[in-house]
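Close look at the chain arrangement
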Amino acid sequence: MSPFLALAIDATLVLYVLAMAIGLLRVARGPSAQDRVLALDFLYIVGMLVMLVLAVRYDSRMYFEGALLMVLFGFVGSVALAKFLLRGEAIE
């Protein structure tokens, strides 16, 4: 791995950690439930991006599979939370 790529990966991971901290702040202080759900969506997307950057860094396919599962479960969770906020129940 070239030194420039290693530096770019490190800078990217630092910025993703900063973005996740801001997202966690929004989850904790969100003025409404919709804001909190949107912040959770943001967190799982940034988590997926971290997994993809780590996959490039360590040259491993397992991180790609983990990112795919993370997005799948995040999407299902977002749909369930949106349905709960809309109707008041998640399962009919």
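Residues numbered from 1 in each chain as written. Predicted model: local features only at pLDDT ≥ 70, side-chain atom pairs only at ≥ 80, totals over all residues. Heavy atoms only, no water.

For any two helices packed against each other, the geometry comes down to the angle between their axes and how far apart the axes lie. Closest axis-to-axis distance for the helix α2 (residues 33-58)/helix α3 (residues 62-87) pair is 9 Å, and the angle between their directions is 175 degrees. The angle between the axes of α2 and α3 places the two elements in the roughly antiparallel class. Across the contact of α2 with α3, the residue classes tally to 18 nonpolar, five polar and one charged. (Axes fitted to C-alpha atoms, helices over the stretch in contact; angles between N-to-C directions. Helix = DSSP H or I, 4+ residues; strand = E, 2+ residues; numbered from the N terminus. Parallel < 35°, antiparallel > 145°, perpendicular 65-115°, else oblique. Nonpolar A, V, L, I, M, F, W, Y, C, P; charged D, E, K, R; others polar.)

The next subject is α2. Residues three or four positions apart in an α-helix share a direction because the helix packs 3.6 residues into each turn. Over its 26 residues, α2 runs 37 Å from end to end, which matches the ideal 38 Å to within 8%, given 1.5 Å per residue. Just beyond α2, the residue with positive phi is Asp59, at close to 55 degrees. (Expected span 1.5 Å × (residues − 1).)

The next thing to look at is the confidence of the model for the chain. Put simply, the chain has an average pLDDT of 90, and 96% of its residues get 70 or more. The lowest-confidence element of the chain is α3, averaging 88 in pLDDT; the highest-confidence one is helix α1 (residues 3-29), averaging 95. (pLDDT = per-residue confidence, 0-100.)

Bringing the environment of Gly47 into the picture now. Its location among the elements puts Gly47 in helix α2. Judged by relative accessible area, which is 10%, Gly47 ranks as buried. Residues contacting Gly47, with those up to four places away along its chain left out, are Met20 and Met70. (Buried < 20%, exposed > 50% of the residue type's maximum accessible area, 1.4 Å probe, protein only. Contact = heavy atoms within 4.5 Å.)

Scanning the entire structure with this criterion turns up one aromatic pair. A centroid spacing of 6.1 Å and a plane angle of 25 degrees characterise the contact between Tyr58 and Tyr63, whose relative ring orientation is stacked. (Phe/Tyr/Trp six-rings, centres within 6.5 Å; stacked < 30°, edge-to-face > 60°.)

The next point concerns the side chain of Ser78. Assignment of secondary structure puts Ser78 in helix α3. The class for Ser78 is buried, based on a relative accessible area of 12%. With near-sequence residues (within four places) excluded, Ser78 lies in contact with Asp41 and Tyr44.

Here we come to the nonpolar core. Residues Ile9, Leu13, Val50, Val53 and Leu54 constitute the largest nonpolar core, which totals five residues. Where this core is concerned, the elements lending two or more residues are α1 and α2. With three residues, the top contributor of residues to this core is α2. Setting aside residues no more than four positions away along its own chain, Leu13 makes contact with Val50, Val53, Leu54 and Arg57. (Core = buried A, V, L, I, M, F, W, Y, C linked by side-chain atoms within 4.5 Å.)

Note on backbone geometry: most residues besides glycine have negative phi, and most peptide bonds are trans. Phi angles above zero are rare outside glycine, and Asp59 is one such case at about 55 degrees. Locating Asp59 in the fold gives a position in the loop between α2 and α3. Given the relative accessible area of 72%, Asp59 is considered exposed.

Applying the stated criterion to the full structure yields one salt bridge. Close ionic contact of Asp10 with Arg57 constitutes a salt bridge, the shortest N to O distance being 3.2 Å. Within this pair, whereas Asp10 is found in helix α1, its partner Arg57 is found in helix α2, the two being separated by 47 residues in sequence. Overall, Asp10 belongs to the partly exposed group, its relative accessible area being 34%. (Salt bridge = Lys/Arg side-chain N within 4 Å of Asp/Glu carboxyl O.)

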